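Below, each chain spelled out in residue letters.
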Protein chains: 2
Amino acid sequence: MPAAGAVAQSPPPIALERWGSFHVGGREVVVTGQPVREVLFSPGGVPARVDPNGTYLMGGMYAQYMIPANPRGQAPMLLWHGGGLTGVTWETTPDGREGWQHFFLRRGWPIYVSDAVERGRAGWTQIPEQTGGQALTLTVDNPFERFRIGAGPGSYLRQQVLPGNQFPADRESYLNFVRQVVPRFTTTDALALDAYLALLDRVGPSVVVAHSQAGLFGWRAAQERPDKVRALVLVEPATIGDPAKVAALRNIPVLMIYGDYIAQDARWPAIRANGVRFAEAVRAAGGSVDVVDLPERGIRGNSHMIMMDRNSDEVAGLVQEWLAARGLWR
Amino acid sequence: MPAAGAVAQSPPPIALERWGSFHVGGREVVVTGQPVREVLFSPGGVPARVDPNGTYLMGGMYAQYMIPANPRGQAPMLLWHGGGLTGVTWETTPDGREGWQHFFLRRGWPIYVSDAVERGRAGWTQIPEQTGGQALTLTVDNPFERFRIGAGPGSYLRQQVLPGNQFPADRESYLNFVRQVVPRFTTTDALALDAYLALLDRVGPSVVVAHSQAGLFGWRAAQERPDKVRALVLVEPATIGDPAKVAALRNIPVLMIYGDYIAQDARWPAIRANGVRFAEAVRAAGGSVDVVDLPERGIRGNSHMIMMDRNSDEVAGLVQEWLAARGLWR
């Protein structure tokens, strides 16, 4: 039995005012000229004639909300996952602890966990034209070596974890994380952003917490809907926003968080430097951006998957304090 | 703003003892001989070298649980969705009402909503070998005409709903349902069954509620793990179990539910007849199977998506009574 199922601690029950899910965004696209297929959906079933020509919906996304009975967050909190992943990022950690979704819900934040376009319950390639390319699927060792869990190329085979790493890298927990990884297209960013804007338009002014690839969507969504983003928390953002629109961010407090082992990584020094440079441009335009390198706060050993690391609650606490200090939690 | 977001009623808060999610099942597969790719994951990001050769995990599935603080269900309830869909089937209905997940959770059932192999948060084709075929994506009109919402072929264009149909077929609600549809492979049944067995092994003896395609998985899982299935509720099962193993079902109470408009459909008379014939074989082997045709109970107008129909609570109530009568709810 995988370790992820174990619930070691027994925190108190929580009262939910309401919970549920919805899809949002997307558009209709017409496909023509394709042959009709005869499909046996299930062995032993009855064949059906399926005409692939017609109208499709594409580019929608999924969101699931849990609203606490006694909210203390002054806005909904939207948790946006990174590339090749889904909203599962924020749920139970791969080693079975409560994740950030639990942490913030327990503190009274209305929580929206979503699956971006093409991933998870959003569905993918509702028509072939949606994705415009081949999906990338990762081998077991890829995230281990690219997400600063192991010590670079070849480290998975050697099972060589970076010294002091906080990611639960025992075999069973790590494989539970790999089970969460989904195929990724690299051609759907515009669709994903559109759907995130539709999500913001629907939920209203929110705190956006975005990880990795979603750093792009967090920045860009805040630039397109500055009135809908009360604060932006970027956890190891992989990219920056639109340099031509930094002024749009001037009234939105931003927190950027980076983990450990960046200097010794092949790609993360450049990724972080790009982020810090963009933060400076936002500040120059009158904005407020706090960049936190966790090791400088004495919080060491964090991988790229900070919300899954063993000290995930400690880092969530830092985010919580930052939000409270900005009047967004009472 | 889509109607799915509206929460018309204000039922009381619910206390959760715990909630979370996990992945379960699957196996490792090795891929060799593929070219290495240089991938720019995000525009403006830093390129990464991705080697597709190596070990993959495939065939796992996702489950999300919500455990009420004061359980009255005598076993966990597992909600298994149908083909081309995900666990979203059981959540908020397309017109924004509480779904079966809400209904049974509010009555004290520990609820596990899952995404089967290849769908939703389970991820799909972790390697190409997983699916062994092309995914089938449905046009907007297909479920309308195939799930007994509209009056057969061409009815979507005519917006001709079957008289008295309970499915929320107004344009916005219907499109919210279509947004839930995900691509479907027709070659992954064996993988899906394996993962469902792993789910049962992990959660333990459960009440299994299965819809449509999952009828196959419900029957077969009960035959493979008769000690892990306390009761089987099959909502319009698309297929039957293994005729050679009916005896394995003799101690498991089974409820089969069919909706309206079956006689006039092109495929459902045969699908239902197959199901009823299998039920008779199970009874002949000493089993107990109740077949309920809703119209014969005076419950009319149900489509194939009974848990989304306007009278979804009424049918859930019938399931609830049936389970309580078998001592599974107190």
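Residue positions within a chain follow its written sequence, with the count starting from 1. Here chains are named by letter from A upward and ligands by number from 1 upward, in the order in which they appear as written. It should be noted that, the model being predicted, local features are given only for residues of pLDDT at least 70 and side-chain atom pairs only at 80 or more, the latter also being counted only at that level, while totals for whole chains, interfaces and linings use all residues. As a rule here, side-chain values cover all heavy atoms of the structure and leave hydrogens and water aside.

### A word on the overall build of chain A
(1) Moving on: In this description a helix means any DSSP run of H or I spanning at least four residues, a strand means any run of E spanning at least two, and both kinds are numbered starting from the N terminus. Across its full length, chain A carries eight helices and ten strands.
(2) Moving on: Radius of gyration here is computed from C-alpha atoms only, and the compact-globule reference equals 2.2 Å multiplied by the residue count raised to the power 0.38. Against the 2.2 N^0.38 benchmark of 20 Å for 330 residues, chain A shows a C-alpha radius of gyration of 20 Å, consistent with a compact globule.
(3) Moving on: C-alpha atoms of chain A, sized along the principal axes, occupy 60 × 50 × 45 Å.
(4) Moving on: Considering chain A as a whole, with its 330 residues, one finds that 65% of them fall into the buried category. Throughout this description, buried means an accessible area under 20% of the type-specific maximum (1.4 Å probe, protein chains only), exposed means over 50%, and partly exposed covers the range between.

### Concerning the nonpolar core
(1) Moving on: With 112 residues, the main nonpolar core has Trp100(A), Tyr174(A), Leu323(A), Trp100(B), Tyr174(B) and Leu323(B) as its most contacted residues.
(2) Moving on: Contacts are assigned to residue pairs that have any heavy atoms within 4.5 Å of one another. Non-local contacts of Tyr174(B), meaning those with residues more than four positions away in its chain, are made with Val140(B), Asp141(B), Pro143(B), Phe144(B), Ile149(B), Tyr156(B), Phe167(B), Pro168(B) and Ala169(B).
(3) Moving on: Counting residues in hydrophobic clusters, the runner-up holds 49 residues, among them Val46(A), Phe22(B), Phe217(B) and Val289(B). Within this scheme, the nonpolar core is defined by two criteria: the residues are buried Ala, Val, Leu, Ile, Met, Phe, Trp, Tyr or Cys, and they are joined through side-chain atoms within 4.5 Å.

### Re the relation of the copies chain B and chain A
Both copies of the chain are related through a single rotation about an axis accompanied by a shift along the same axis.
(1) Moving on: Between chain B and chain A, which share one sequence, the superposing operator has a rotation angle of 180° and an axial displacement of 0.0 Å; the RMSD is 0.0 Å. A rotation of that kind, with that shift, is consistent with a two-fold axis.
(2) Moving on: Interface residue correspondence from chain B to chain A reaches 100%, placing this contact among same-surface, isologous pairings. Only residues with pLDDT of at least 70 in both copies count here: their C-alpha atoms drive the least-squares fit that superposes the copies.

### With respect to the packing of helix α5 (residues 189-203) of chain B against helix α6 (residues 214-224) of chain B
All names here are of chain B.
(1) Moving on: At a minimum axis separation of 10 Å, α5 and α6 run at an interaxial angle of 55°. When the axis of α5 is compared with that of α6, the two are oblique. The element α5 and its partner α6 pack so that their crossing is right-handed. Along its contact with α5, which presents Asp189, Ala192, Leu193, Tyr196, Leu197 and Leu200, the element α6 presents Leu216, Phe217, Arg220, Ala221 and Glu224. For every element, the axis is a line fit to its C-alpha atoms; helices are fit only across the contacting stretch, and the angle between N-to-C directions ranges from 0 to 180 degrees. Reported orientations rely on four angle classes, namely roughly parallel under 35 degrees, roughly antiparallel over 145, roughly perpendicular from 65 to 115, and oblique for the rest. Throughout, a crossing is termed right-handed when the near helix is turned clockwise from the far one, and left-handed when it is turned anticlockwise from it by less than a right angle.

### Re the pattern of salt bridges
Close approach of charged atoms allows side chains with opposite charge to pair.
All names here are of chain B.
(1) Moving on: A pairing counts as a salt bridge when a side-chain nitrogen of Lys or Arg comes within 4 Å of a carboxyl oxygen of Asp or Glu. The tally for this structure, following the rule as stated, stands at 26 salt bridges over all chains.
(2) Moving on: Notably, a salt bridge pairs arginine 97 with aspartate 95, separated by 3.0 Å at the nearest N-O pair. Accessibility classification places arginine 97 together with aspartate 95 in one group, the buried group.
(3) Moving on: The partner of aspartate 290 in a salt bridge is arginine 326, and the shortest N-O contact between them spans 3.2 Å. Pair noted here: aspartate 290 is in strand β10 (residues 289-293) and arginine 326 is in the segment after α8 (312-325), with a separation of 36 residues, a long-range link.
(4) Moving on: With a relative accessible area of 27%, aspartate 290 lands in the partly exposed category.
(5) Moving on: When its relative accessible area of 33% is taken as the criterion, arginine 326 is described as partly exposed.

### Some remarks on the packing of aromatic side chains
Residues and elements named next belong to chain A.
(1) Moving on: Only the six-membered ring of Trp is used, alongside the rings of Phe and Tyr, when aromatic pairs are assigned; centres must lie within 6.5 Å, and planes under 30 degrees apart are stacked while those over 60 apart are edge-to-face, with the rest tilted. Per the stated rule, a full pass over the model turns up 32 aromatic pairs over all chains.
(2) Moving on: Ring centres 5.9 Å apart and planes at 35° place the aromatic pair tryptophan 90 and tryptophan 100 in the tilted group. Of this pair, tryptophan 90 sits in the loop between β5 (77-80) and α1 (100-106) while tryptophan 100 sits in helix α1, and the two are ten residues apart along the sequence.
(3) Moving on: On the basis of relative accessibility, which here comes to 0%, the residue tryptophan 100 falls in the buried class.

### Considerations on helix α7 (residues 268-284) of chain B
Residue and element names in this part refer to chain B.
(1) Moving on: The end-to-end C-alpha distance of α7 is 24 Å, a good match for the 24 Å that 17 residues give at a rise of 1.5 Å each.
(2) Moving on: Those residues of α7 lying buried are Trp268, Ile271, Gly275, Val276, Phe278, Ala279 and Val282. An end-on view of α7 places all buried positions within 160° of arc, on one side of the element. Opposite its buried face, α7 presents the exposed residues Arg277 and Ala284, each directed more than 90 degrees away.
(3) Moving on: Each element contacted by the buried residues of α7 is listed here: α2 (141-146), α6, β9 (254-258) and β10.
(4) Moving on: Downstream of α7 by a residue or two, glycine 286 has a phi angle that is positive, lying close to 100°. Helices are assigned an expected span. That span is 1.5 Å times one less than the residue count. Here the arc refers to the set of directions running from the helix axis out to each C-beta atom.

### Let's talk about the environment of Gly99(A)
(1) Moving on: One can find Gly99(A) in the loop between β5 and α1.
(2) Moving on: Distance from Gly99(A) to Asp201(A), taken between C-alpha atoms, is 27 Å for residues 102 residues apart in sequence.

### Things to note about the pairing of strand β5 (residues 77-80) of chain B
Residues and elements named next belong to chain B.
(1) Moving on: Taking every second residue as pointing to the same face, both faces of β5 are buried, with Met77 and Leu79 on one and Leu78 and Trp80 on the other.
(2) Moving on: When DSSP locates at least two bridges between a pair of strands, those strands are taken to pair. Relative to strand β6 (residues 111-115), β5 runs parallel, the two being bridged by three bridges. Across the sheet, leucine 78 pairs through a bridge with tyrosine 112, a residue of β6.
(3) Moving on: For crossovers, right-handed means that the path from the first strand over the helix to the second runs clockwise, given strands pointing away from the viewer. Between the parallel elements β5 and β6, the chain passes through helix α1 (residues 100-106) in a crossover that is right-handed.
(4) Moving on: For β5 and strand β7 (residues 206-211), the ladder comprises four bridges, and the chain directions are parallel. Along β7, the bridge assignment pairs tryptophan 80 with alanine 210.

### As for the UniProt feature "domain: AB hydrolase-1" (unreviewed entry) in chain A
(1) Moving on: Under the present numbering, the feature "domain: AB hydrolase-1" (unreviewed entry) in UniProt falls on residues 205-244 of chain A.
(2) Moving on: For residues 205-244 of chain A, the helix share is 28%, the strand share is 32%, and the end-to-end C-alpha distance is 23 Å. UniProt positions are given in the numbering used here, feature names are shortened, and annotations may be inferred rather than shown by experiment.

### Re the interface of chain B and chain A
(1) Moving on: At the interface, 94 residues of chain B touch 95 residues of chain A.
(2) Moving on: Summed over both partners, buried area is the accessible surface (1.4 Å probe) that two parts give up on being assembled. The contact between chain B and chain A buries some 7700 Å² in all, and 57% of this surface belongs to carbon and sulfur atoms.
(3) Moving on: The largest contributions to the chain B side of the interface with chain A come from Trp19(B), Phe41(B) and Arg121(B), which together make up 12% of the buried area.
(4) Moving on: Taken together, chain B and chain A are joined by six salt bridges.
(5) Moving on: Across the pair Glu91(B) and Arg121(A) runs a salt bridge, and its minimum N-O distance is 3.1 Å.
(6) Moving on: N or O atoms within 3.5 Å of each other form a polar contact, as long as, within protein, one can give a hydrogen and the other can take it, and as long as residues adjacent in sequence are counted only when both atoms are side-chain atoms. Our count for the chain B to chain A interface comes out at 31 residue pairs in polar contact (both at pLDDT 80 or more).
(7) Moving on: The dominant element in the side of chain B that touches chain A, judged by the number of residues it contributes, is strand β1 (residues 14-31) of chain B, at 13 residues.

### A word on helix α4 (residues 171-180) of chain A
(1) Moving on: Taking burial as the measure, the ten residues of α4(A) include eight buried ones, the bulk of the element.
(2) Moving on: For α4(A), the complete set of buried residues consists of Ser173(A), Tyr174(A), Leu175(A), Asn176(A), Phe177(A), Val178(A), Arg179(A) and Gln180(A).
(3) Moving on: Here the buried face of α4(A) lies against α2 (141-146) and α3 (155-158) of chain A together with β1 and β4 (54-68) of chain B.

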